[in-house]
Each structure stands twice: as structure tokens, then as C-alpha cells.
Amino acid sequence: MRMNDRNVLQAILEGHGSNQRELSRTTELSLGAVNNSIKALMAEGYINDSHLPTPKATKAKKNGTVKNAVILAAGQGLRLLPINRDIPKGLIKIGNEPLIERLICQLHSVGVTDITIVLGYMMERYEYLEDKYGVNLIVNNDYEQYNNLYSLRCVEQLLGNTYIVPCDLYFQENPFHFFELDSWYMAQREEAIGTTLRVLRSGEIEVVDATEKGNVIVGLSYLSQATAIEARKNLLALTAQNKNGNEYWEAIITSGKRMIIEARYAKSGDAFHVNTYEDLRQLDFANEQLENDATITIQKCFGVTLKDIDDFLPLKNGLTNRSLRFTVNGQKYIIRIPGEGTENYINRVREGKIYEMLRGKGICTDLTYFDAVKGFKITPYIDNVRPCDETNPEDVRRCMTIARKFHDLKLSLGGEPLDIFNTIQHFEDLWEGKESGFADYNETKKHCMAMKKYVEKHHREAVLSHQDCTPDNFILYPDGKGGEKAEFIDWECGCDADPLLDVASFVSYRKNDRNYIEMAIDAYFPEGCLDEDRLLIYCYISLWGLYISVWCEYKKMLGERIGQYMLTAYYYAKTYYRIFESEYKRIFRKPYDES
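Residues numbered from 1 in each chain as written. Predicted model: local features only at pLDDT ≥ 70, side-chain atom pairs only at ≥ 80, totals over all residues. Heavy atoms only, no water.

Engineer: Mind showing me how you'd approach the state of the cysteines here?
Structural biologist: Such a bond, covalent and formed between the sulfur atoms of two cysteines, is termed a disulfide. The final tally for this structure, using the stated rule, is 0 disulfides. Of the cysteine sulfurs around Cys301, a residue in no disulfide, the closest is that of Cys364, at 16 Å. The partly exposed category is assigned to Cys301, whose relative accessible area is 22%. This cysteine, Cys469, is not joined by any disulfide, and Cys399 carries the nearest cysteine sulfur, 8.1 Å off. A relative accessible area of 0% means that Cys469 is categorised as buried. (Disulfide = S-S within 2.5 Å. Buried < 20%, exposed > 50% of the residue type's maximum accessible area, 1.4 Å probe, protein only.)

See below:
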């Protein structure tokens, strides 16, 4: 049944079909489209000459009785930054009513009381719903690692005559019904660039490139019993052996460049996807949840009110920072918001001191504002910025050149320099007795710690170092002279240390590429690198890998999503103590002896 025909028949079965004008208002179709659908429905035997439902239509209505609903509420809602630091997205309130409660009540009003909510991030905040509404709660333990395809995997046995409901939707009118005549996926008539789905005139949905115009997606969906059989098959295949972790659940209803179900349009001006801070502000400007530590900090910095701040846009999330772009008085800025648990290993007073030491030295953009208590940083936003492309030798050369320039300033915070061996032990202690997830961790740690004798003999004078010297922490942008300027950003881990630790950390993000590592070392030492220094860098690559893997395991224990980064770091810990030992033997013609 075509989309328009289905909508007209649904309206007739619900008692909205006294005349074609009423059907036109109800379905938001033109009179001509309604007349065409009536003719098609008569031809197919769903309505008689009086436009009344036939037994065939009544049977379709009975078979389409909605059985249940699944609400997807496991995600972290990172695009809602900074709100998502305090509350999960499903509990954001519109008019003092949490989004998820409104959806539950709308489902109840059409007789759908069998509701399962899939939880993950801040799952405990949703627990009260079980008592208040009698819903079923299921936890997606993989929510940190995988997208919501795996949330649906948790409830695959429930699918069939089922609404699939993202928890961050707001409908002024109830979008649910006692029955549905066929499967559908909801979109808006409005079009935009980057939506990836386009509704054709026939109601079919095609996948389009993000650079093309498509329909704004709502995401509410209904799967009939027949569609659910195929969708469940696809779901099991896609999630077998933990594959396709980056896919969204819509993959199970997509075949090639088309969805296997048709569209349903949301009513004009009725459906809102509360996906970002700006979405919430546009929907409910007086919402008290718009005020939080981050927005209060911005107001304090610039002496403005919330209404003077525009264009909130979440940017890339790192492991220690979440970044949000905004506009004040026509100027763009970035506020960097500290991640969970960072207070255990970042000294914010020291970080502020580093930024003051670097002010005016051309190493990084000067701060507009810094909060040494909460860790918020505000800097001007630079247009046309790109991160270092570590596959580009010229980018690597530029980054290593600015790193060397910075180290040669020989700045110092004073006090005890960083001891990488003690740092590794510090983060392992934060595990509070828990075991590493790596089966051979103790063996790897033993080999890494054995390099201490070489490090102590050959280390360089400690100077102010970055200590998170990843390619992502270098940015490049037009210098106004036809070239590019490089900057070194995000100094929260900075401390006095052997500067070659920065070189080691820079090269530790591309797995199994020895040539790349040697290229970066040579870029840092244009005058040529001594064998002793090269061996020292090998030691530091191994120790840095162990440090990062230990730190990642700690972050994972806090509930943060880590992914491939931890595996790559551990690979370096294991690989480069072996390379150090092999190269030491080749250069000095004897095995390395730690004693």
C-alpha cells in the first residue's frame, strides 16, 4: 500500500473520513492526492462506493493492532553538550515534563502499555519509571562502545507490531495510534543538507550522500509483524561477532540505497528532535536546564545574559575535554569542558600557569578565560582550522618543528619533573585493586619497567613539556601569507619532563608503522638524531603506550567510551620494548642488561 493510500485509509478507519476536505486536513494531503488515494483504495477493495471501510479494511486494522513499544534511551547524547553532563537526554524537560514521560503517556493514551526502555548512560536516573508507569527496563551494556544498533539487539525478540521510539523526541500531538496498517519511518517534509535520507514521491526512502538535500529525519518508526521478521534477521546478522559497532539501528531496515519500509510524514510543525542545545533552546527558550555551569561561565566571562549567546555547536570530544563552539557579540569562541574524572589527574592551577607562561610566544592561541577550579577554558574560534594529518610528511615536519621550538624555550614550572614510571603506577593504583583486561599485562609491565636504568642514564634535562603531544593537539590554519601556521593546543597535562617524551607520544597513534616513527624523529632532529637519543625515544614510546593503556583502563572503569585507542597504546607498550632491546643489542653489540 502506498504512503498516501495508507494514510487516507488510516484516517477513514479512525473516523476522520466524513468528506474529502476533512481527509485532506487530517492527512495534510491535497484534495487531488486524497481523490487519487480514494480511487486506489476502492480499486483494491478497502473501501466501498460510499467510501466506507470494507471487511478487508477491518481485517487489516485488526492485524495492525499495535503490540508494544521500544524506547531507545542508552546513548550519551553528546550533541546536547553541555546539558548531557548533568542529565540523560530522555529526561530533559519541556514545560516541566520529561521527554520520555510525555512519550510514555502518549503511548498509554492509545492503549500501548507494553513498553520496554533500553538504558545505558545514567541508567539509574530512569529507574523511577518502572514504578511510575510499569515499563520494562533493559540495560545495553555495550552502549559506550556501540551505536543504538546494539540497543535494539537487546530486545530483538520483542519486535513485531512495534513502535521504535528515540527518547529525545517531542510531539505536540500524539503521533501514536491504536493500530497501524503497515511499517513506516517518520521524516519531515522539510528538506536540508546532511540528513542522508530522502523521501520520494512514492513514499519510498532512499539513502543520499551527506552533501545532497534530504528530508529532515524524525526517527520514530513502526515495524509490522511481517517487516519485523526480515528486520530481526538483518539485526542478528549485523551484530554477529560484535560487528558494525558504528551502525545505527536503521541499518536493519535498509537494503543498499533504499529502506525496506516507506515514509510517514510528521505533521507540520509538530515533531521536534531535541538533539542539540540549540534544538532545546528553540523549542523552549525559558527552559531552566539551559542554565548550567558552562553557560553560566560564558555569561560571567563576557558579562552577557543567556539570550546574548548564540549558535551552540558541539565539536570533537576528546578523552579529557569536550568542546563547544558559541557566538557572543558576533565573535565565535570555543569553551572546553573537562571530562569526568579529570580532577583526579589534572592540576588546573598548574594548567593556568602554563597558559600564562605561553602567552604571546606564538605556541598556542592566548586564552580569553580560564577557571582554575572547574577547568573551563574559553579561546577565540579560528576559522579554517584543520588538525595535523599525520600521514602528510609536511604536516609532521611542521608539528615537530613547533614542538622543538617550544622545547628550546626551556621553560620550567619548577618542582619535581614527571617520572613516567611513577605515573604509570599512580594510574594503576586508581584501579583500586581491579585487574587489567590484558591477559599479559604483568609481563608487559615487567619489561617496560626494566628500561628504567637506560632512561635514568640518558634522559634529557627536564623542561616544560606538553605530555599529550598527539597529532590531534596540533592545529594548522592559513597564516594570511599563502602558507599555514601550526599551533600546539590543550595544555592540561603539561608539566616539566624530558622533552623526548613529547616526541614519543606524538608517534604513538599509528599502529605498526616504523617508517613513520623514524620520519617524525628525524623531523624533530633536523641536525641528525644520536643513537642514544633514538633508543631513549624507543623506551619512551613503550612506556608512553603502557601509561596510556593504564589510563584508558581507568577511564573505562569510570564508564567512559575508549575504543581502539587503548589497544593501539598497549600494542606500542609491547612492541617498542622489544625494538629497544633489539636495537640496543645491534648498536652496542651486547644484550641490554637492566642490572
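What follows picks up the thread again.
Engineer: Just to check I follow, could you spell out the packing of helix 13 (residues 420-429) against helix 14 (residues 441-449) for this structure?
Structural biologist: In helix packing, the relevant descriptors are the interaxial angle and the interaxial distance, both defined with respect to the helix axes. Where helix 13 meets helix 14, the closest approach of the two axes is 11 Å, and the angle between their N-to-C directions is 160°. As the angle between them shows, helix 13 and helix 14 are arranged roughly antiparallel. Here helix 13 and helix 14 pass one another in a crossing that is left-handed. Judged by residue contacts, Phe421, Ile424, Gln425 and Glu428 of helix 13 engage Tyr441, Lys445, Cys448 and Met449 from helix 14. Partitioning the contact of helix 13 with helix 14 into residue classes produces 5 nonpolar, 1 polar and 2 charged. (Axes fitted to C-alpha atoms, helices over the stretch in contact; angles between N-to-C directions. Helix = DSSP H or I, 4+ residues; strand = E, 2+ residues; numbered from the N terminus. Parallel < 35°, antiparallel > 145°, perpendicular 65-115°, else oblique. Left-handed = near helix turned anticlockwise from the far one by under 90°. Contact = heavy atoms within 4.5 Å. Nonpolar A, V, L, I, M, F, W, Y, C, P; charged D, E, K, R; others polar.)

Engineer: Explanation requested: the pairing of strand 6 (residues 162-166) in the structure shown.
Structural biologist: In regular strands, side chains alternate between the two faces of the sheet. With respect to burial, strand 6 is a largely interior element, 5 of its 5 residues being buried. Burial of strand 6 is two-sided: the residues Thr162, Ile164 and Pro166 facing one way and the residues Tyr163 and Val165 facing the other way are all buried. Sheet topology places strand 6 next to strand 11 (residues 213-223); 3 bridges connect them, and they run antiparallel. When the sheet's bridge partners are listed, Tyr163 is paired in strand 11 with Tyr222. (Pairing = 2+ DSSP bridges.)

Engineer: When you look at unusual backbone geometry in this model, what are you seeing that I'm missing?
Structural biologist: Working note: non-glycine residues mostly have negative phi, and peptide bonds are mostly trans. Backbone geometry places His51, a non-glycine residue, at a positive phi of 65°. Its place among the elements puts His51 in the loop between helix 3 (31-43) and helix 4 (55-63). Of note in the backbone geometry, Asn161 takes a positive phi value of approximately 55° without being a glycine. Assignment of secondary structure puts Asn161 in the loop between helix 7 (149-153) and strand 6. Taking relative accessible area as the criterion, Asn161 reaches 8% and is therefore assigned buried.

Engineer: I tried to follow the pattern of salt bridges on my own but got confused; where do I start?
Structural biologist: When the charged atoms of two side chains with opposite charge come close together, those side chains can pair. Scanning all chains against the criterion turns up 39 salt bridges. When the shortest N-O distance is used, the salt bridge between Arg198 and Glu212 registers 3.6 Å. One end of the pair, Arg198, is in strand 9 (residues 197-199); the other, Glu212, is in the loop between strand 10 (205-207) and strand 11, and 14 residues separate them in sequence. For Glu212, a relative accessible area of 32% translates into the label partly exposed. The partner of Asp308 in a salt bridge is Lys307, and the shortest N-O contact between them spans 3.7 Å. (Salt bridge = Lys/Arg side-chain N within 4 Å of Asp/Glu carboxyl O.)

Engineer: Can you help me understand the sheet that holds strand 8 (residues 184-193) in this one?
Structural biologist: Two strands in a sheet stick together by hydrogen bonds in their backbones, pointing the same way (parallel) or opposite ways (antiparallel). Ordered by their spatial adjacency, 7 strands build an open sheet running 5-4-1-6-11-8-14, and the pairing between neighbours is mixed. What marks the edges here is a single partner per strand, and that holds for strand 5 (136-139) and strand 14 (262-265). Neighbour-to-neighbour, the strand axes of this sheet turn through a mean angle of 35°, independent of strand direction. Along the sheet, helix 1 (residues 3-13) contacts strand 8 and strand 14; its crossing angle with strand 14, the most-contacted strand, is approximately 50°.

Engineer: Looking at this structure, how should I read the packing of aromatic side chains?
Structural biologist: To describe a pair of aromatic rings, one takes the distance between the centres and the angle between the planes. Within this structure, the stated rule accounts for 32 aromatic pairs. The interplanar angle of 80° and the centroid separation of 5.6 Å between the aromatic rings of Phe474 and Phe506 together place this pair among those described as edge-to-face. Taken together, the residues span a long stretch of sequence, with Phe474 in strand 23 (residues 474-478) and Phe506 in helix 16 (residues 500-506) at a distance of 32 residues. The ring of Tyr381 is capped by Arg325, whose NZ or CZ atom sits 5.3 Å from the centre of that ring. (Phe/Tyr/Trp six-rings, centres within 6.5 Å; stacked < 30°, edge-to-face > 60°. Lys NZ or Arg CZ within 6 Å of the ring centre and 35° of its normal.)

Engineer: It is not clear to me how the environment of Gln425 should be interpreted in this structure. Could you clarify?
Structural biologist: Topologically, Gln425 is positioned in helix 13. Overall, the relative accessible area of 28% leaves Gln425 in the partly exposed class. C-alpha separation for the pair Gln425 and Val550, spaced 125 residues apart in sequence, amounts to 8.7 Å.

Engineer: Sorry, what's going on with the nonpolar core here?
Structural biologist: Ranked by size, the top nonpolar core spans 79 residues in total, and within it Phe474, Trp491, Phe506, Ile541, Leu543 and Phe580 carry the most contacts. The biggest single contributor to this core is helix 18 (residues 531-557), with 16 residues. In terms of nonpolar packing, the next biggest core, distinct from the first, is built from 59 residues, Trp184, Ala266, Ile309 and Phe312 among them. (Core = buried A, V, L, I, M, F, W, Y, C linked by side-chain atoms within 4.5 Å.)

None of the figures reported here should be taken as evidence of function without further support.
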